[in-house]
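Descriptive structure summary
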Amino acid sequence: MNRLRELSSQVMDVYQSLSQEFSAFQSSQSLNCVEKCGACCNKPDIEVSPLEMLPYALHLYDIGQAEQVLDEFQSDSGFVCKQYQRLSLDGSEGYCGIYEYRPGLCRMFGAAGYKTKSGEATLSVCKTIKQAVPDKYAAALIAIQPQRADASKQPLLEDIAANSAIHSISVKPPMIAEGRQRIAQIDYELGEKLMPINDALRFMLEKILMLSFYAQDINDGVAA
């Protein structure tokens, strides 16, 4: 169990960095999530690694709710994230019920970078955000491409040559793939494989409860 707690601490450290990096980019480009929007959270195909759910699974264990939540999984066949709290009947509005422990993907999603097959950087932006601020989305797409800029701001005749020189500047968006790799490298056994978010939590709860059972069994044997 100590090993899992150590991994959990490392995961949370990476989460803090990812949250800061992705939030800073999204704010700088005015591509923040729309308030109360739950369009992405309400999708049934969200996949994360078991490692991403480890901090929350340990939290449930520590407050004595691990078995209860695991039992609820057995009777609930829904695919949408169980931690998503709906505010509307269709699920389009809501909020995360475990915001502090939300997985890495949720911290990076909304507006982030990825590379095309040709290796060029582009943006992955939530449809809702695109529709809410189309001008900001278009500007962000332009901003991540290399731009031509004057090397000198002084338009003196004798500096024409310097003023005509150019260099490339661009805004580099944080990459989802790189973020996921930073999480996975903490422990590839738990961090490399992706699965539906509810299955990932179930997997970690089962693992934690199994380790707890065997640890208690060993302690009982020593006491005897």
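Quick note: structure is the one above.
Residues numbered from 1 in each chain as written. Predicted model: local features only at pLDDT ≥ 70, side-chain atom pairs only at ≥ 80, totals over all residues. Heavy atoms only, no water.

1. Thoughts on the nonpolar core
In summary, soluble globular proteins display a tendency toward joint burial of nonpolar side chains. Under the convention used in this document: Nine residue types can take part in a nonpolar core, namely buried Ala, Val, Leu, Ile, Met, Phe, Trp, Tyr and Cys, and a core is a set of them joined through side-chain atoms within 4.5 Å. The classification of residues rests on relative accessible area computed with a 1.4 Å probe and restricted to protein chains. Under 20% of the type maximum is buried, over 50% is exposed, and intermediate values are partly exposed. The helix count covers DSSP runs of H or I at least four residues long, the strand count covers runs of E at least two residues long, and both are numbered beginning at the N terminus. Only heavy atoms matter for contacts: two residues are in contact if any of them lie within 4.5 Å across the pair.
Counting residues in hydrophobic clusters, the biggest one holds 39 residues, and the most contacted among them are Leu51, Met53, Leu54, Leu201 and Leu205. When residues of this core are traced back to their parent elements, those giving at least two are helix H1 (2-28), helix H2 (50-62), helix H3 (66-75), helix H4 (104-108), helix H8 (176-184) and helix H10 (197-223). Apart from residues no more than four positions distant in its own chain, Leu201 is found in contact with Met53, Tyr56, Ala57, Leu60, Phe73 and Gln83. Ranked by size, the runner-up nonpolar core spans eleven residues in total, among them Phe25, Cys126, Ala140 and Ile144.

2. Notes on the environment of Lys43
Inspection of the secondary structure puts Lys43 in the loop between H1 and strand E1 (47-48). Owing to a relative accessible area of 43%, Lys43 belongs among the partly exposed residues under this scheme. In sequence terms Lys43 and Cys81 are 38 residues apart; their C-alpha atoms lie 8.0 Å from each other.

3. Quick look at the pattern of salt bridges
Cut-off, in case you're wondering: Every case where a carboxyl oxygen of Asp or Glu lies within 4 Å of a side-chain nitrogen of Lys or Arg is listed as a salt bridge.
One pass over the full model with this rule turns up six salt bridges. Here Arg182 makes a salt bridge to Glu21, at a shortest N to O gap of 2.9 Å. In this pair, Arg182 is assigned in helix H8 and Glu21 in helix H1, connecting sequence segments 161 residues apart. Under the relative-accessibility criterion, Arg182 is labelled partly exposed at 29%. Taken together, the shared-partner salt bridges in this structure form one network comprising Arg3, Glu6 and Asp187.

4. Focus on H2
Quick reminder of the rule: Helices are assigned an expected span. That span is 1.5 Å times one less than the residue count. Given a residue, its bend is the angle between the two axes fitted to the seven residues that end at it and to the seven that start from it.
Taking 1.5 Å per residue, 13 residues should reach 18 Å; H2 reaches 18 Å between its end C-alpha atoms and fits that length. The principal kink in H2, of about 30 degrees, is found at Tyr56. Those residues of H2 lying buried are Pro50, Leu51, Glu52, Met53, Leu54, Pro55, Tyr56, Ala57, Leu58 and Leu60. With its phi angle positive at about 75 degrees, Gly64 sits one or two positions after the end of H2.

Just geometry here; none of it tells us what the structure is for.
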